[in-house]
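# Examination of the molecular architecture
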Amino acid sequence: MEKLNELKLKIEGMSSPCCAEEIKGDLLKVEGVKKVSTYFADKIIKVEIDTEKVTKEQLIAAVKEAGYEAVVTEGKEKIKFEQQLKDLAEKYGLSFQVLQDHWNFVKEASAKVFADCCKWCHAHQITEMADAEAFCKSAIAEGMGEPETSEQLFKIKKKVEVLTDDEIKGLTAERYGKFAEKYAEKGNPCLIRKKQVKELYKEEELSLVPKTALNLALGCGNPVSFANLKSGEIVVDFGCGAGIDLILAAHKVGPEGRVIGIDLTPQMIKKEGQSEAEAGFPAERIEEHIGDIEKLELPDNLTDVVTSNCVIILTPNKEAAYREAFRILKPGGRLAISDMVFSEKIDPQIQERFQSTWAGVVGGAIAEKDYLEIVTKAGFGQINIVKRHFLTPGELFAMSTCPGTEFVPAPDSKDLEAVQGKVVSIKFTAVKP
Ligand SMILES: C[S@@+](CC[C@H](N)C(=O)[O-])C[C@H]1O[C@@H](n2cnc3c(N)ncnc32)[C@H](O)[C@@H]1O
């Protein structure tokens, strides 16, 4: 007979919602754990267990294994604000996760002030987290008043329409631009993303990468590691971000080679210039251009290699991006790509919901088979899958809110659960005949 109990774990070091998701994933693997609910804002995880099968010591050990410290308190004490947050999320059509995150920011406020902040932000149609935080901060400082009431003002706008290609690119540039400005110095607050970077690159590679490029690294692979670059070759990196792979490529091709980075986001290109200087390279060693990989201003048959790291998935017209890669590669030139795909076709309605907010690097994801068909149709041959990695729950959460929950609304947790185990980062090479 099962003997169920609910334990409340207070977690030290849980600094972002993606950490909470990672711990949840690890706890669910422990035998006897029935259900796990995360309350990131309060640094709490609730666990329903079968006490015949698992002890609280085992739970603490599982949390420790994930890299965090847990203190357990038994009982069914109501989690502070949980219900209020849930009500607010429902009332204003917001993601519960985003509200939790936002609550953490305005923790000094009372629940009433927080509820008023939500009401105000929606009355004034403030949807960006950073704007909402600034707004709430001044509202809290000034003392809260009633917003102007008008039926019209309180109508909640939900983003369910299909985004146009231009809107997607606009959102992408805005999100990555804000991330670049905010985190170039501080580094990514999401520990899962930091851990990923450490796992994807070898120590001797990381020792070559300057702080800005490292802090802003957002890839899902290490394309330079399997691009087989030779001294004197030309490399073009699609969606170079702040330049982690450009720096590594520049070391491989040497001063005789040529390295070109393209990115849609002006702030990322600016940070790439900074990374290059920090690496001690002269400015001409790496060429960086603001540009769209779907229509490049580069000549035909220019380059030996095209690399890309977690980018093509973000662009709405992947066919155009691969046609451009084919056009600028020399005959015999090659691709070295790391990107995100679904391992199989997923429920079209769930996919539509991911697409409606262009959810991180999962919003634009398609099935691997369809993705590789696009590569083949562009003219490439000899496709060779170097590696596949199925994302853990924490990684899935982090990737579907890339570059961070401040910039991208978290998808519904049921949708994330439905695609768990079906989101893969693939690394592959291919050749232009
Ligand atoms: C997930 S980040 C990866 C950045 C970099 N490759 C790395 O590994 O750190 C995605 C980058 O792709 C860029 N991007 C997205 N769509 C693009 C497009 N159509 N053309 C050029 N860059 C694009 C974004 O601006 C962002 O810097």
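If you're wondering where the values come from, they're calculated on a predicted model, not measured in any experiment.

Each value, and the rule that gives it
- Residues numbered from 1 in each chain as written.
- Predicted model: local features only at pLDDT ≥ 70, side-chain atom pairs only at ≥ 80, totals over all residues.
- Helix = DSSP H or I, 4+ residues; strand = E, 2+ residues; numbered from the N terminus.
- Buried ≥ 20, exposed ≤ 12 C-beta atoms within 10 Å, placed from the backbone.
- Contact = placed C-beta atoms within 7 Å.
- Pairing = 2+ DSSP bridges.
- Axes fitted to C-alpha atoms, helices over the stretch in contact; angles between N-to-C directions.
- Expected span 1.5 Å × (residues − 1).
- Near = placed C-beta within 6 Å.
- Nonpolar A, V, L, I, M, F, W, Y, C, P; charged D, E, K, R; others polar.
- Arc of directions from axis to C-beta.
- Core = buried A, V, L, I, M, F, W, Y, C linked by C-beta atoms within 7 Å.
- pLDDT = per-residue confidence, 0-100.
- Parallel < 35°, antiparallel > 145°, perpendicular 65-115°, else oblique.
- Left-handed = near helix turned anticlockwise from the far one by under 90°.

### Here's the deal with the overall build of the chain
Counting secondary structure elements, the chain contains 18 helices and eleven strands. Within the chain, buried positions represent 46% of all 433 residues. Taking as baseline every contact in the chain between residues at least 6 positions apart, the subset at least 24 positions apart corresponds to 78%.

### Some remarks on the sheet that holds strand E11 (residues 423-431)
Overall, mixed pairing links the seven strands, which are arranged E7-E6-E5-E8-E9-E11-E10 in an open sheet. Strand pairing shows two members of the sheet lacking a second neighbour, strand E7 (286-290) and strand E10 (381-390), which therefore form its edges. Across this sheet, the average inter-strand angle for adjacent strands is 15°, counted without regard to direction. The strands that helix H14 (residues 318-328) touches are strand E5 (234-238), strand E8 (303-309) and strand E9 (329-342); relative to E9, the one it contacts most, it runs at about 155°.

### Points about helix H1 (residues 17-28)
Three or four residues apart is the spacing at which side chains of an α-helix point the same way, because the helix has 3.6 residues per turn. Helix length check: H1, at twelve residues, gives a terminal C-alpha distance of 17 Å against a target of 16 Å (1.5 Å per residue), a fit within 8%. The element H1 is largely enclosed, with a buried count of ten among its twelve residues. Those residues of H1 not exposed but buried are Pro17, Cys18, Cys19, Ala20, Glu21, Glu22, Ile23, Lys24, Asp26 and Leu27.

### Digging into unusual backbone geometry
Of the consecutive residues Cys402 and Pro403, the connecting peptide bond is found in the cis state with omega at 5°. Position of Pro403 relative to the elements: it lies in the loop between helix H17 (393-400) and helix H18 (413-419). Even without being a glycine, Asn228 presents a positive backbone phi close to 55°. Secondary-structure assignment places Asn228 in the loop between helix H11 (223-226) and E5. By the C-beta count within 10 Å, which is 12 here, Asn228 ends up exposed. The phi angle at Asn301 is positive, at roughly 50°, despite the residue not being glycine.

### Some points on the pairing of strand E3 (residues 44-50)
Relative to E3, strand E1 (residues 4-12) runs antiparallel, the two sharing seven bridges. Considered in E3, the bridge of Asn5 is made with Ile49. Pairing of strand E2 (residues 33-39) with E3, which is carried by six bridges, proceeds in the antiparallel orientation. Looking across to E3, one finds that Lys35 is bridged to Glu48.

### Some details on the site of the ligand
By nearness alone, 26 residues border the ligand, and Gly219, Gly239, Gly241, Leu264 and Thr265 come closest of all. Elements with a contribution of two residues or more to the shell around the ligand: helix H7 (165-183), helix H12 (244-253) and strand E6 (258-263). Broken down by element, the shell around the ligand gets its largest block of residues, three residues, from H7.

### A short note on the packing of H7 against helix H13 (residues 266-278)
Look at H7 against H13: their axes get within 7 Å of each other, and the N-to-C directions meet at 35°. On the side of H7, the interface is formed by Tyr176, Gly177, Ala180 and Glu181, while H13 contributes Pro266, Gln267, Met268 and Lys271. Residues that form the contact of H7 with H13 fall into these classes: four nonpolar, two polar and two charged.

### Comments concerning helix H2 (residues 56-65)
Three or more residues of H2 are buried, namely Leu59, Ala62 and Val63. Along the axis of H2, the buried positions cluster into a sector of 100°, meaning they face one direction only. For H2, the exposed residues set more than 90 degrees away from the buried face come down to Glu57, Lys64 and Glu65. Downstream of H2 by one or two residues, Gly67 has phi in the positive range, about 100°.

### Quick notes on the nonpolar core
By size, the foremost hydrophobic cluster in this structure holds 105 residues, and its most contacted members are Ala325 and Met340. Sequence-distant contacts of Ala325, defined by excluding residues within four places in its chain, comprise Phe238, Val306, Leu335 and Ala378. Listed in part, the eight residues of the second largest apolar core include Leu85, Leu94, Leu99 and Ala410.

### Structural notes on the confidence of the model for the chain
Caution is warranted with low-pLDDT regions, since their predicted coordinates should not be read in detail. Confidence in the prediction for the chain averages 85 pLDDT; 85% of positions are at 70 or higher. Low pLDDT, under 50, characterises residues 75-79; the stretch is placed with six contacts to residues that sit more than four places away or in other chains. Here residues 144-160 is modelled with pLDDT under 50, and outside its nearest four sequence neighbours on either side it reaches 18 contacts, counting other chains as well.

### A few points about the packing of H1 against H17
Between H1 and H17, the shortest axis-to-axis distance is 7 Å and the interhelical angle comes to 155°. Here H1 is positioned roughly antiparallel relative to H17, judged by the angle of their axes. In terms of crossing hand, the pair formed by H1 and H17 is right-handed. From H1, Pro17, Cys18, Glu21, Glu22, Lys24 and Gly25 reach across to H17, where they touch Pro393, Gly394, Phe397 and Ala398.

### What to know about the environment of Glu417
Tracing the chain through its elements places Glu417 in helix H18. Look at Glu417 and you get exposed, because 11 C-beta atoms sit within 10 Å. Once the C-alpha coordinates of Glu417 and Pro393 are considered, the two residues, 24 residues apart in sequence, prove to be 8.2 Å apart.

### Some thoughts on the environment of Val341
Here Val341 shows up in strand E9. Note: C-alpha distance between Val341 and Phe390 (49 residues apart in sequence) is 9.8 Å. In this structure Val341 touches Ala365, Ile366, Ala367, Glu368, Tyr371, Val424 and Ile426, once residues within four positions along its chain are discounted.

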